[in-house]
There are 2 protein chains.
Amino acid sequence: MARKRFDDSSCSVARALNEVGDWWSLLVVLHAMYGTRRFVDFQQELGIARNILCDRLARLVDNQVLKKVDVGEHGSRFEYRLTEKGRDLFPIVIALRQWGDKWNPAPDQEPLDLRDRLTGRTIRPMEVQDADGKPLTVRDVFVPEGDAADELKPRKAKRQPADKP
Amino acid sequence: MARKRFDDSSCSVARALNEVGDWWSLLVVLHAMYGTRRFVDFQQELGIARNILCDRLARLVDNQVLKKVDVGEHGSRFEYRLTEKGRDLFPIVIALRQWGDKWNPAPDQEPLDLRDRLTGRTIRPMEVQDADGKPLTVRDVFVPEGDAADELKPRKAKRQPADKP
DNA sequence: TAATCTGGTTTCTTCAAGCAACCTTATTAA
DNA sequence: TTAATAAGGTTGCTTGAAGAAACCAGATTA
């Protein structure tokens, strides 16, 4: 049956995945970040089926991650370019890349070395930080009581230690 | 036909998406980060079909994102817990959450307010930074020449300005 | 002894991914 | 002037995965 959608989910992660959480969308965005703009180039670089690419590009345009620009030059007609919303996926893509490099390194290949164009410095590993820049792990964060956090009550009552008196 | 897999891709983003790039896996990991550990709890919280949850949990265990622990207490038998590799997905999940909150805010709901457990401070927006902590956008980074970047030659020769003399 | 809980597996249906062929418009080559 | 090629799709077909619901087995509790 059709995939379940999360458009109206109260969870922003689910809503984000709704737009870029399929197998291809983030790879399309990634290549757009590398400079790819044309249908055929996406198709060749990604090895994606043409109808699926059509569908993904249209969906990304619908969701305003990409915009479709008519460039009427020598036989080519359209370009797909990142919007600000699309460019804003940069931290996600970088975090994914770093995770992949760390935990599934390619057997005989150096990880891709991204650097600051101006200074030539490598980028640092993505980390979650508090307001001061102090790194935080998943164990360091919590959701204030009374917040709209019904979706993630840490533990059901029936699962409390009191379960077995 | 079956989904294309990227196990052996030279792109670490593709390899990462291979493990957590489907509709459900990251949501399972997200709820694991919130403290969910049991099959039935994942199932109820996510509203996922049981066979699909089985499949995803098994795949995540295979990929060492989760580990399956036998806890033989009162009828319950197993728990699924994050490994270090799984906990390392934290920046990705947070980046997704922030992107979703920023670009697809829920109509009548405040974004989830995650805070540092110790200081009570909110976490800061994820950003890509250079070695000094300077924020970088997608336009600020490049891949050094000669690097293993065959996959992302910025532009095909045929697409250069020289195209039309 | 039966009901319940947990963690599944099985069956069936529907939909989407992938492949390949085809199509339309515009440009270039012969 | 016609033919070939390129860009950007669309259509039809096949297969596999997602979803729903039923079923099941071992252990616990009532």
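Because the structure is a prediction, the values reported are computed rather than measured.

J.: Hey, could you run me through the overall build of chain A in this one?
T.: From N to C terminus, chain A includes six helices and six strands. Taken from N to C terminus, the helices and strands of chain A fall in the order α-α-α-α-β-β-α-α-β-β-β-β. Long-range contacts, defined here as pairs at least 24 residues apart, represent 40% of the contacts in chain A between residues at least 6 apart. In the structure as shown, chain A presents an accessible area of about 8,600 Å², 50% of it carried by carbon and sulfur atoms.

J.: What's the story with the environment of Leu30 of chain B in this structure? I'm lost.
T.: Along the chain, the position of Leu30 of chain B falls in helix H2 (residues 25-34). Each C-alpha atom of the pair Leu30 of chain B and Val93 of chain B lies 6.8 Å from the other, and the pair is 63 residues apart in sequence. When near neighbours in sequence (up to four residues on either side) are disregarded, Leu30 of chain B contacts Cys11 and Val13 of chain A together with Val93 and Arg97 of chain B.

J.: I keep staring at the relation of the copies chain B and chain A and nothing clicks. Help me out?
T.: Two copies of a chain can be linked by a rotation about an axis combined with a shift along that same axis. Taken as rigid bodies, chain B and chain A are interconverted by a rotation of 180 degrees and an axial shift of 0.0 Å, the fit giving an RMSD of 0.0 Å. Both copies are brought into coincidence by an operation consistent with a two-fold rotation axis. Interface overlap between copies: 99% of the residues of chain B at the interface are likewise at the interface in chain A, consistent with a symmetric, same-surface contact.

J.: What exactly am I supposed to notice about the interface of chain B and chain A here?
T.: Where the parts come together, the accessible area they lose is often given as the size of the interface. Each side of the interface is counted separately: chain B has 97 residues, and chain A has 97 residues. Between chain B and chain A, a total of about 9,500 Å² is buried, with carbon and sulfur atoms accounting for 60% of that surface. Across the chain B-chain A interface, the total number found is eight salt bridges. For Arg121 of chain A, the salt bridge goes to Asp132 of chain B, with nearest N and O atoms at 3.3 Å. Counting the contacts that link chain B with chain A gives 38 residue pairs in polar contact (both at pLDDT 80 or more). Taken together, the elements giving at least two residues each to the side of chain B that touches chain A come down to helix H1 (12-20), H2, helix H3 (39-46), helix H5 (84-87), helix H6 (90-103), strand S3 (115-116), strand S4 (128-129) and strand S6 (141-142) of chain B. If you tally residues by element for the side of chain B that touches chain A, the top one is H6 of chain B, at 13 residues. Grouping the amino acids of the side of chain B that touches chain A by side-chain chemistry returns 43 nonpolar, 17 polar and 37 charged.

J.: What's the story with the nonpolar core in this structure? I'm lost.
T.: Considering soluble globular proteins, one finds that nonpolar side chains tend to be buried as a cluster. If you look at the biggest cluster of nonpolar residues, it comprises 88 residues, and the most contacted ones within it are Leu27 of chain A together with Leu27 of chain B. Residue-level mapping places this core at the junction of two domains, with at least three residues from each of domain 1 (12-88) and domain 2 (108-165) of chain A. Among residues more than four places away in sequence, those in contact with Leu27 of chain B are Phe6, Val13, Ala14 and Leu17 of chain A together with Leu46 of chain B.

J.: Even after reading the chapter, I still don't get the side chain of Arg15 of chain A, so can you show me in this structure?
T.: Within the element layout of this structure, Arg15 of chain A appears in helix H1 (residues 12-20). A residue is classified by how much of its surface remains accessible, and Arg15 of chain A, at 7% relative accessible area, is buried. A distance of 3.0 Å separates the side chain of Arg15 of chain A from the backbone oxygen of Ser9 of chain A, its partner in a polar contact. Discounting chain neighbours no more than four positions away, the residues touching Arg15 of chain A are Phe6, Asp7, Ser9 and Ser10 of chain A together with Gly100, Asp101, Asn104, Pro105 and Ala106 of chain B.

J.: Before we go on, may I ask you to explain the side chain of Ser9 of chain A in this structure?
T.: All names here are of chain A. Along the chain, the position of Ser9 falls in the segment before H1. Side-chain polar atoms of Ser9 contact the backbone nitrogen of Cys11, separated by 2.9 Å. Ser9 has contacts with Ala14 and Arg15, leaving out every residue within four places of it along the chain.

J.: Help me understand the pattern of salt bridges in this model?
T.: A side chain of one charge can pair with a side chain of the opposite charge if their charged atoms are brought near each other. This model, assessed by the stated rule, comprises 22 salt bridges over all chains. For Lys102 of chain A, the salt bridge is made with Asp88 of chain B, and the minimal N-O distance between the two is 2.8 Å. Here Lys102 of chain A is found in helix H6 (residues 90-103), whereas its partner Asp88 of chain B is found in the loop between H5 and H6 on a different chain. In this structure, the salt-bridge partner of Lys134 of chain A is Asp116 of chain B, at a minimum N-O distance of 3.0 Å. Of this pair, Lys134 of chain A sits in the loop between strand S4 (128-129) and strand S5 (135-136) while Asp116 of chain B sits in strand S3, on two different chains. Taking relative accessible area as the criterion, Lys134 of chain A reaches 33% and is therefore assigned partly exposed. Overlapping salt bridges, with partners in common, bring together Asp22, Asp55, Arg56 and Arg59 of chain A in one network.

J.: Could you clarify how one ought to interpret unusual backbone geometry in this entry?
T.: Negative phi characterises most residues that are not glycine, and trans characterises most peptide bonds. Residue Gln64 of chain A is not a glycine yet carries a positive backbone phi of 65 degrees. Inspection of the secondary structure puts Gln64 of chain A in the loop between helix H4 (50-62) and strand S1 (66-70).

J.: Could you clarify how one ought to interpret H4 of chain A in this entry?
T.: Given 3.6 residues to a turn, an α-helix orients residues that are three or four positions apart in the same direction. All names here are of chain A. With 13 residues, H4 extends 18 Å from end C-alpha to end C-alpha; this agrees with the ideal 18 Å at 1.5 Å per step. Tucked into the core, H4 has its buried residues touching H1, helix H2 (25-34), helix H3 (39-46), S1 and strand S2 (78-82). A positive phi of about 65 degrees marks Gln64, the residue just after H4.

Rules of the game
Residues numbered from 1 in each chain as written. Chains lettered and ligands numbered in written order. Predicted model: local features only at pLDDT ≥ 70, side-chain atom pairs only at ≥ 80, totals over all residues. Heavy atoms only, no water. Helix = DSSP H or I, 4+ residues; strand = E, 2+ residues; numbered from the N terminus. Contact = heavy atoms within 4.5 Å. Areas by Shrake-Rupley, 256 points an atom, 1.4 Å probe, with all protein chains shown as cover. Least-squares fit on C-alpha atoms with pLDDT ≥ 70 in both. Buried area = accessible area lost by both parts, 1.4 Å probe. Salt bridge = Lys/Arg side-chain N within 4 Å of Asp/Glu carboxyl O. Polar contact = N/O pair within 3.5 Å; in protein donor to acceptor, adjacent residues only side chain to side chain. Nonpolar A, V, L, I, M, F, W, Y, C, P; charged D, E, K, R; others polar. Core = buried A, V, L, I, M, F, W, Y, C linked by side-chain atoms within 4.5 Å. Buried < 20%, exposed > 50% of the residue type's maximum accessible area, 1.4 Å probe, protein only. Domains from an automatic or database assignment. Expected span 1.5 Å × (residues − 1).

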